[in-house]
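# Residue-level structural notes
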Amino acid sequence: MNILGIESSCDETAAAVVADGRRILSNQVASQVDIHARYGGVVPEVASRQHLLAIVPIIERALAEAGTGLEGIDAVAVTNGPGLAGSLLVGVNAAKAIAFARHLPLTAVNHLHGHIYANWLTREEVRFPALCLIVSGGHSDLVLMSGHGSFRLLGRTRDDAAGEAFDKAARILGLGYPGGPAIERAARSGCPFMPLPRAWLPGSHDFSFSGLKTALFHLAQAGQYATADAAASFQEAVCEVLVTKTIACAQEARAVQILLAGGVAANSRLRQLLRGKSPLPVLVPPPALCTDNAAIIAACGYFQLQMGRVDSLDMDVYPALRAA
Ligand code: KG4
Ligand code: ZN
């Protein structure tokens, strides 16, 4: 069964074709990052206009790369939240138009669930119950997945999301946007010795990164640091907290696997530390499937359709949708 996936929740316009929820036939992403970099972050109105320009060409490219054309598509899956309302609307309306014109089933995908399904696009076997750490620009969630369609939120950030913290730290250190890859690059030549705080929040599986960001800001103001060392120290503080709390949560929830997901999961130090410290098997998708793309939306959509989840053409967007 070939699913056309469409994703436009933030600043990436993406389309993909995935066979049977696991095999990528095409995965096309049009990034707006150079446009938003000028402003140091995503400008919502600019993003939705760019999606409008990019959506039809990116769908055409995905269908051409897959070699299926629209004739070879069996269903359409599209992100309907969380994200920027104006951006989500572009993908959702494109998906509705295709579903209507071709009489295809349509399924709406929660973007955060999509991130988790990156783990189905590898050769690894996923086993339940699995604890998912979703770390993206807007979320740091610990979600227990007991089966397809069964998600329970066990922890979340109380302030900044992990990706947001990386982006703000990069701005403080003058490393540009997007911050995550910039911090990771700078950290490679640094040493993580600087005294930065870790918010452990004992008794809870929640996270907090705003104190760490403020501490970095004060160190930066004092000016007595090398940028590479500050980047390495910041990255280490974020990764140490994410890894330690994820493992504790997985053990308490009696999970049999840990699944890493979301843009920050592309961070090589996070991947290395989690794999090194976890007593449970850890599944980590390749970096290109961690950041926003439409193959993950198509994969999630396939399993939803297997469960009979078909949406009607009056389906709406939900900018503040949660993982569970
Ligand atoms: O999942 P994603 O592509 O979009 C959202 O759904 O938000 O995540 C984007 C976030 C950004 O904050 C970006 O800085 C962060 O993921 N990110 C990284 C890395 N690559 C992307 N953070 C740390 N290290 C990376 N290599
Ligand atoms: Zn995302």
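What you see is a predicted model; the values in this text were computed from it and never measured. (Residues numbered from 1 in each chain as written. Chains lettered and ligands numbered in written order. Predicted model: local features only at pLDDT ≥ 70, side-chain atom pairs only at ≥ 80, totals over all residues. Heavy atoms only, no water.)

To continue, consider the overall build of the protein. A tally of helices and strands in the protein yields eleven helices and ten strands. For 324 residues, the compact-globule estimate of 2.2 N^0.38 gives 20 Å, and the C-alpha radius of gyration of the protein, at 19 Å, lies within 12% of that figure. With the C-alpha coordinates of the protein rotated into their principal frame, the extents come out at 60 × 45 × 30 Å. Residues counted as buried form 54% of the 324 residues belonging to the protein. A total of about 13,200 Å² of accessible surface is found on the protein, and carbon and sulfur atoms cover 53% of it. Treating the 26 positive side-chain charges of the protein as one cloud and the 27 negative ones as another, the clouds have centres 5 Å apart. (Helix = DSSP H or I, 4+ residues; strand = E, 2+ residues; numbered from the N terminus. Rg over C-alpha atoms; globule rule 2.2 N^0.38 Å. Buried < 20%, exposed > 50% of the residue type's maximum accessible area, 1.4 Å probe, protein only. Areas by Shrake-Rupley, 256 points an atom, 1.4 Å probe, with all protein chains shown as cover. Lys, Arg positive; Asp, Glu negative; His and termini not counted. Charge placed at Lys NZ, Arg CZ, Asp CG, Glu CD.)

Okay, the side chain of Asn-80 next. Tracing the backbone through its elements, the reader meets Asn-80 in strand β4 (residues 75–81). The exposure class assigned to Asn-80 is buried, which follows from its relative accessible area of 7%. Residues within four places of Asn-80 in sequence aside, it is in contact with Leu-88, Val-92, Ala-108, Val-109, Asn-110, Met-315, Asp-316, Val-317, Tyr-318 and Leu-321. (Contact = heavy atoms within 4.5 Å.)

Distances from the zinc ion (ligand 2) to its protein donors, namely His-111 (NE2), His-115 (NE2) and Asp-292 (OD), fall within the range 2.0 to 2.1 Å. Considered as a linear motif, the donors of the zinc ion (ligand 2) on their single chain read H-x3-H-x176-D. Note that His-111 is positioned in helix α4 (residues 111–116) and Asp-292 in the loop between α10 (287–290) and α11 (295–306), a separation of 181 residues in sequence. Asp-292 matches His-111 in its accessibility class, with the two residues each being buried. (Donors = N, O, S within 2.8 Å, 3.2 Å for Na, K, Ca; no water.)

Okay, the site of ligand 1 next. Taken together, the neighbourhood of ligand 1 is formed by 19 residues, with His-115, Gly-137, Asp-167, Glu-184 and Gly-263 sitting nearest. In the model, an oxygen atom of ligand 1 is placed 2.7 Å from a nitrogen or oxygen of the Asp-167 side chain. The protein chains hide 88% of the 550 Å² of surface that ligand 1 would expose on its own. Those elements giving two or more residues to the shell around ligand 1 turn out to be α4, α5 (162–172) and α6 (179–187). Taken together, the residues of the shell around ligand 1 sort by class into four nonpolar, twelve polar and three charged. (Near = heavy atom within 4 Å. Polar contact = N/O pair within 3.5 Å; in protein donor to acceptor, adjacent residues only side chain to side chain. Nonpolar A, V, L, I, M, F, W, Y, C, P; charged D, E, K, R; others polar.)

Before going further, it helps to spend a moment on the packing of α5 against α6. Two elements in contact, α5 and α6, have axes separated by 7 Å at closest approach and are oriented at 60°. The handedness of the crossing between α5 and α6 comes out as left-handed. Facing Phe-166, Asp-167, Ala-169 and Ala-170 of α5, the residues of α6 in contact are Gly-179, Gly-180 and Ile-183. A class-by-class count of the residues in the contact of α5 with α6 yields four nonpolar, two polar and one charged. (Axes fitted to C-alpha atoms, helices over the stretch in contact; angles between N-to-C directions. Left-handed = near helix turned anticlockwise from the far one by under 90°.)

Let us look at the domain arrangement of the protein. Per the domain assignment, the segments of the protein are domain 1 (2–117 + 290–306) and domain 2 (128–280). Placing a centre on the C-alpha atoms of domain 1 and another on those of domain 2 gives a separation of 26 Å. Counting from both sides, the interface comprises 16 residues of domain 1 and, opposite them, 19 residues of domain 2. For the pair domain 1 and domain 2, the summed buried area comes to about 1,400 Å², and 74% of that belongs to carbon and sulfur atoms. (Domains from an automatic or database assignment. Buried area = accessible area lost by both parts, 1.4 Å probe.)

Let us look at the nonpolar core. By size, the foremost hydrophobic cluster in this structure holds 45 residues, and its most contacted members are Ile-183, Phe-209, Phe-234, Leu-242 and Leu-270. Secondary structure elements with two or more residues in this core: β6 (130–135), β7 (140–147), α5, α6, α7 (210–222), α8 (227–252), β9 (257–261) and α9 (268–277). In terms of residue count, the dominant contributor to this core is α8 (13 residues). Setting aside its immediate chain neighbours within four residues, Leu-242 contacts Leu-133, Val-135, Ala-162, Phe-207, Phe-209 and Leu-270. Counting 34 residues, the second largest nonpolar core, distinct from the first, contains Ala-14, Ala-16, Leu-289 and Ala-295. (Core = buried A, V, L, I, M, F, W, Y, C linked by side-chain atoms within 4.5 Å.)

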